[in-house]
Amino acid sequence: MNAVVKETLLAPAQAVKPSIFQHPLFRPGAALLLLLLIDAALIPGFFRLEIKDGHLYGSLVDIVNRAAPLMLAAIGMTLVIATRGIDISVGAVVALSGTVASMLVGGAMVINNGVPEYVAQTPMALAMAAAMGAALLCGLWNGALVAGLGLQPIVATLILMVAGRGLAQLLTDGQIVTVYYQPYFFLGSGYLFGLPFALFVVVAVFALTAFLLRHTALGLFIQAVGVNPVAARLAGIRTAALVVFVYVFSAACAGMAGLMISSNVKSADANNAGLLLELDAILAVTLGGTSLAGGKFSLLGSIIGALIIQTLTYTIYSLGVPPEVNMVVKSAVVFLVCISQSDRFKGLWKRRAA
């Protein structure tokens, strides 16, 4: 009787335990928590938050604010990778959109009633629309090459990776374009309700994407194309249109990230803006549990992956470690992620666990 009662009492606990550790977000969430605890132990006042002039300041706020462009890029990259694709032109789109917006906004000083003011050369809304239009055209180009001409995604986006940044450099003659229009800075460095405005942009994009994936057939279609594109096409799904959409969406997210970066630094640097951002976005997506083989994806996991990367970068810089170490650490993380997703490693791990 005692054995039966003991079995009954332990059964729920045993049932709950595997579900927690086997949850797709457990590993990225645990990794992020571990990094935060290490920072708390090594960096004095890491979790301290304070309010100055109505704005919330602290290390955590700084990490989230600086991770905003990467989170946007990771959201778009998630859908691309979920369809068995890849987009390595994200950094070039960031540079191009930031360049277009900065060149159009510009800014010049005028004297109004004896007070110097800066005015935009082009209405800011029009400049931002032109920048987003350029980004959408880039995504349409990638989608047409992949879905229309059947090029391999890495080859198709490699073309834009080189040409897009080259076009941005041609537009600026290789020089840094400075922006002097104050309202433009709000997107990347402004505050709303005490929090960085960039965070609200990320939350809005994430909420809209999550709604489309969960409450429409879009998520199911993306998963079907990622699992088996031929079967999806035979089932009646317009796979070509879907592939074009995910590349356009990825470029749109990159375009918003480009606006955010140029707004934050108050300039457009076609040579360095968004440099290697596509690799960070791919790493963030894979860290979040999205399979590089397609079909399986996690939007929230990609956000956590982006926070992991930014937290890791913050930790390295705060501890005074040379910046070059950051690249070595990222390469090690990429290696471990790729190994952990291999079928042979998974089979070996299951046999060891058994």
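Here the structure is a predicted model, which is why all the values come from computation and not from measurement.

Criteria and cut-off values
- Residues numbered from 1 in each chain as written.
- Predicted model: local features only at pLDDT ≥ 70, side-chain atom pairs only at ≥ 80, totals over all residues.
- Heavy atoms only, no water.
- Helix = DSSP H or I, 4+ residues; strand = E, 2+ residues; numbered from the N terminus.
- Buried < 20%, exposed > 50% of the residue type's maximum accessible area, 1.4 Å probe, protein only.
- Areas by Shrake-Rupley, 256 points an atom, 1.4 Å probe, with all protein chains shown as cover.
- Expected span 1.5 Å × (residues − 1).
- Contact = heavy atoms within 4.5 Å.
- Phe/Tyr/Trp six-rings, centres within 6.5 Å; stacked < 30°, edge-to-face > 60°.
- Pairing = 2+ DSSP bridges.
- Patch = residues over 30% accessible without salt bridge, like charges linked within 9 Å, V, L, I, M, F, W, Y side chains within 5 Å.
- Salt bridge = Lys/Arg side-chain N within 4 Å of Asp/Glu carboxyl O.

1. Some remarks on the overall build of the protein chain
Working step 1: Counting its regular elements, the protein chain contains 15 helices and 8 strands.
Working step 2: Per-residue burial for the protein chain yields a buried fraction of 44% across its 354 residues.
Working step 3: A total of about 18,600 Å² of accessible surface is found on the protein chain, and carbon and sulfur atoms cover 69% of it.

2. Structural notes on helix H4 (residues 90-105)
Side chains that are three or four residues apart share a direction in an α-helix, a result of its 3.6 residues per turn.
Working step 1: Under the 1.5 Å per step criterion, the end-to-end length of H4 is 23 Å for 16 residues, consistent within 8% with the ideal 22 Å.
Working step 2: Most of H4 is tucked away: 14 of the 16 residues are buried.
Working step 3: Phi turns positive, to about 55°, at Gly106, one or two residues after H4.

3. Looking at the side chain of Ser102
Working step 1: The residue Ser102 is located in helix H4 in this model.
Working step 2: By relative accessible area, which is 0% here, Ser102 ends up buried.
Working step 3: Apart from the residues within four sequence positions on either side, Ser102 is in contact with Val177, Val179, Tyr184, Ser262, Ser267 and Ala268.

4. A closer look at the side chain of Ser267
Working step 1: With respect to the helices, strands and loops of the structure, Ser267 is situated in strand E8 (residues 267-268).
Working step 2: Once residues within four sequence positions are removed from consideration, Ser267 is found in contact with Ser102, Ile176, Val177, Thr178, Val179 and Ser262.

5. Examining the packing of aromatic side chains
Working step 1: Per the counting criterion, the structure on display carries 6 aromatic pairs.
Working step 2: With 5.8 Å between their ring centres and 45° between their planes, Tyr57 and Tyr191 make a pair best called tilted. Of this pair, Tyr57 sits in strand E2 (residues 55-58) while Tyr191 sits in strand E6 (residues 191-192), and the two are 134 residues apart along the sequence.
Working step 3: We classify Tyr57 as partly exposed; its relative accessible area is 32%.
Working step 4: Ring geometry for Phe193 versus Phe200: centroids 6.2 Å apart, planes at 65°, classification edge-to-face.
Working step 5: Given the relative accessible area of 74%, Phe193 is considered exposed.
Working step 6: Three or more aromatic residues joined by ring pairs make a cluster, and in this case those are Phe46, Phe47 and Tyr314.

6. Focus: the pairing of E2
Working step 1: Looking at chain direction, strand E1 (residues 49-52) and E2 are connected through 4 bridges and run antiparallel. Bridge pairing in E2 links Ile51 to Leu56.

7. Structural notes on a nonpolar patch on the surface
Working step 1: Among the surface-exposed residues, Trp141, Leu149, Leu151, Ile154, Val155 and Ile159 lie close enough to one another that they form a single nonpolar patch of about 560 Å² accessible area.
Working step 2: Here the element with the most residues in the nonpolar patch is helix H6 (residues 153-172); it accounts for 3 residues.
Working step 3: Structurally, the position occupied by Trp141 is in helix H5 (residues 124-148).

8. Quick word on the pattern of salt bridges
Working step 1: By the definition in use, this model includes 2 salt bridges.
Working step 2: Among the ionic pairs, Lys52 bridges to Glu50, the shortest N-O distance being 3.7 Å.
Working step 3: Since its relative accessible area comes to 44%, Lys52 is described here as partly exposed.
Working step 4: Accessibility expressed as a relative area gives 38% for Glu50, which makes it partly exposed.

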